[in-house]
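Here is how the chains run, residue by residue.
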Amino acid sequence: MNGRPSVLAIILAVILPPVGVWMVEGIGMIFLISLILTCLAYVPGMVFSLVAVLRPELMNGLRNR
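Residues numbered from 1 in each chain as written. Predicted model: local features only at pLDDT ≥ 70, side-chain atom pairs only at ≥ 80, totals over all residues. Heavy atoms only, no water.

At a minimum axis separation of 7 Å, helix 3 (residues 29-40) and helix 4 (residues 42-54) run at an interaxial angle of 155°. As far as their axial angle goes, helix 4 and helix 3 are roughly antiparallel. Here Ile30, Ile33, Ser34, Leu37 and Thr38 of helix 3 come into contact with helix 4, specifically with Tyr42, Pro44, Gly45, Phe48, Ser49 and Ala52. Each residue belonging to the contact of helix 3 with helix 4 can be placed in one class, and the counts come to 7 nonpolar, 4 polar and no charged. (Axes fitted to C-alpha atoms, helices over the stretch in contact; angles between N-to-C directions. Helix = DSSP H or I, 4+ residues; strand = E, 2+ residues; numbered from the N terminus. Parallel < 35°, antiparallel > 145°, perpendicular 65-115°, else oblique. Contact = heavy atoms within 4.5 Å. Nonpolar A, V, L, I, M, F, W, Y, C, P; charged D, E, K, R; others polar.)

Another point: the nonpolar core. By size, the foremost hydrophobic cluster in this structure holds 6 residues: Val21, Ile30, Phe31, Phe48, Ala52 and Met59. Elements that contribute at least two residues to this core include exactly helix 3 and helix 4. Residues contacting Ala52, with those up to four places away along its chain left out, are Val21, Glu25, Ile30 and Met59. (Core = buried A, V, L, I, M, F, W, Y, C linked by side-chain atoms within 4.5 Å. Buried < 20%, exposed > 50% of the residue type's maximum accessible area, 1.4 Å probe, protein only.)

With that settled, the discussion passes to the packing of helix 2 (residues 17-25) against helix 4. Between helix 2 and helix 4, the least distance of the axes is 9 Å, while the angle of their chain directions is 20°. When the interaxial angle is binned, helix 2 and helix 4 end up roughly parallel. Along this stretch, helix 2 crosses helix 4, giving a crossing that reads as left-handed. Along the contact surface, helix 2 presents Pro17, Pro18, Gly20, Val21, Val24 and Glu25, while helix 4 presents Tyr42, Gly45, Met46, Ser49, Ala52 and Val53. Tallied by class, the residues present in the contact of helix 2 with helix 4 amount to 8 nonpolar, 3 polar and 1 charged. (Left-handed = near helix turned anticlockwise from the far one by under 90°.)

What follows concerns the pattern of salt bridges. If you walk through the whole model with that rule in mind, you get 1 salt bridge. Measuring nitrogen to oxygen at the nearest pair gives 2.7 Å for the salt bridge that ties Arg55 to Glu57. Classification of Arg55 by relative accessible area gives partly exposed; the value is 43%. Here Glu57 falls in the partly exposed class, since its relative accessible area comes to 42%. (Salt bridge = Lys/Arg side-chain N within 4 Å of Asp/Glu carboxyl O.)

Pasting the structure below:
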């Protein structure tokens, strides 16, 4: 995604973290990590998803796998 993330993606990253990541990244490694973290504990999944949505350049190492 180029530019700023949509407000909907940010809201979904807080309410349903994997869905927010899916909107921005699609199904891939980042989505799976978000899903696993959200299932284990909601807050770490939400934090990871917000970082993935708001700062996608930090996810380059995970995206290339």
